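# Inside the fold
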Amino acid sequence: MRNVLLLGGTTEASALAALLAAGGVAATLSYAGRTQSPRPQPVPVRIGGFGGIGGLAGYLREHRITHLVDGTHPFAATMSTNAIAAARLAGVAHIALTRPAWVPTEEDRWSRVADIAGAVAALTVPPRRILLALGRMHVDAFVAQPQHRYLLRFVDVPDQPPPLPHYSLIVDRGPFTVDGDVAVLRDHAIDLVVCKNAGGSGAEAKLIAARRLGVPVLMIDRPAMPERHQMCDPAAVLDWLLHDTSAERGV
Ligand code: 3Y8
Ligand code: NAP
């Protein structure tokens, strides 16, 4: 009897939750609790951290989870690393559902940096009008470059105003559309987009909009991830779940 824990927070994880519900597979989708009103799901949802590797391993045992699917974002490195370790500790099958990194076309004007700190350092330039499409969690790092006019895009209205001297704020959740992001870049006269190499379709609109308008992109590469079993297609993960017999074999 399969009992899946799906670590969510991405378009692909939500697509897999819909397939699991349609297929009658017992599953729970887990959110960290980062947003005020996460998307409703067609399977039971739990919200909040597990308490590190030990807490997640305990959850897997207590809830008799047979398969752990890590459908979190490519930048959720701590969660993904914990998921691999906790599944091994609890003897539960593990797979990651991720998405291929975006790659630039010859029409794109990308420059790449390794991480958030690299992006901050790369902004040691005269004032620009920047779409800082990183959400809320990393805004403080850019106080080191106060000369720019930042356009921020958050999922929720922040409790405190961002600590930047010059910013505008859009409160919107994706998935975003190309026409919508073309309008955002045009209306705010954006001359640089700063973003993470999230991959997938839900955040890609700004890259297509930047390409159309000839706006350069500062692309933050993904954090390194341990070696792991992973797929990029929710239907392929469902197929693996339905054919994996490790739970029956007790391995
Ligand atoms: C809480 C769940 C779904 C999933 C939708 C995807 C697409 C829309 C695009 C921009 C980039 C950003 C951000 C983004 C996108 C999808 C996906 C994706 C980027 C929700 C969600 C949760 C979060 C957390 C949130 C972070 C933030 C990052 C905004 C729900 C809507 C910038 C990542 O305010 C905060 O604290 C927000 C935090 C982590 C990154 C950051 O550092 O601020 N996502 N996003 C999940 C949880 O609690 O476990 O509320 O419904 C999910 C989605 N956000 O089911 O439709 O598949 O990635 N999310 C990035 O890619 O750079 C926006 O603006 O162009
Ligand atoms: P993270 O830094 O890798 O994880 C930090 C801690 O948050 C984890 O150790 C865990 O706490 C808790 N956590 C993270 N994801 C969780 C989940 N799905 N269910 C339960 N607890 C979770 O993670 P993050 O980058 O903050 O991402 C948080 C959520 O936002 C994830 O669902 C992710 O998919 C989504 N998201 C993140 C980004 C991004 O840019 N990082 C973008 C889009 C969506 P404990 O140690 O206590 O277990």
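In what follows, the structure referred to is the one given above.
My aim in this report is to walk through the structure given alongside it, one point at a time.

Conventions adopted
Residues numbered from 1 in each chain as written. Chains lettered and ligands numbered in written order. Predicted model: local features only at pLDDT ≥ 70, side-chain atom pairs only at ≥ 80, totals over all residues. Heavy atoms only, no water. Near = heavy atom within 4 Å. Polar contact = N/O pair within 3.5 Å; in protein donor to acceptor, adjacent residues only side chain to side chain. Areas by Shrake-Rupley, 256 points an atom, 1.4 Å probe, with all protein chains shown as cover. Helix = DSSP H or I, 4+ residues; strand = E, 2+ residues; numbered from the N terminus. Nonpolar A, V, L, I, M, F, W, Y, C, P; charged D, E, K, R; others polar. Pairing = 2+ DSSP bridges. Contact = heavy atoms within 4.5 Å. Axes fitted to C-alpha atoms, helices over the stretch in contact; angles between N-to-C directions.

### Digging into the site of ligand 1
Neighbouring ligand 1 are 31 residues; Ser 14, Ala 32, Thr 35, Arg 136 and Arg 173 lie closest to it. Within the backbone of Met 137, one N or O atom sits 3.1 Å away from an oxygen atom of ligand 1. The separation between an oxygen atom of ligand 1 and a polar side-chain atom of Lys 196 is 3.3 Å. Its free accessible area being 1,100 Å², ligand 1 has 94% of it covered by the protein chains. The element contributing the most residues to the shell around ligand 1 is helix 1 (residues 11–22), with three residues. In the shell around ligand 1, the residues fall into eleven nonpolar, eleven polar and nine charged.

### Describing the site of ligand 2
Close to ligand 2 lie 22 residues, the nearest being Gly 8, Ser 30, Arg 34, Phe 50 and Lys 196. Interatomic distance of 2.7 Å between a side-chain N/O atom of Ser 30 and a nitrogen atom of ligand 2. Between ligand 2 and Gly 51, the relevant distance is 2.9 Å, taken from an oxygen atom to a main-chain nitrogen or oxygen of the residue. Burial of ligand 2 by the protein chains amounts to 79% of its free accessible area of 810 Å². Listed by contribution, the elements that provide at least two residues to the shell around ligand 2 are strand 2 (26–31) and helix 3 (77–90). Counting residues per element, the shell around ligand 2 draws most heavily on helix 3, which supplies four residues.

### Points about the sheet that holds strand 1 (residues 3–7)
In spatial order, the strands read 3-2-1-4-5-12; together these six strands make up an open sheet with parallel pairing. Each edge of the open sheet is held by one strand with a lone partner, namely strand 3 (45–47) and strand 12 (230–231). Relative to strand 4 (residues 67–70), strand 1 runs parallel, the two sharing four bridges. Bridge pairing in strand 4 links Val 4 to His 67. Taken strand by strand, helix 1 contacts strand 1, strand 2, strand 4 and strand 5 (93–97), and its axis lies near 160° from that of strand 1. Contacts from helix 7 (residues 234–243) reach strand 1, strand 4, strand 5 and strand 12, with the element oriented near 170° to strand 5.

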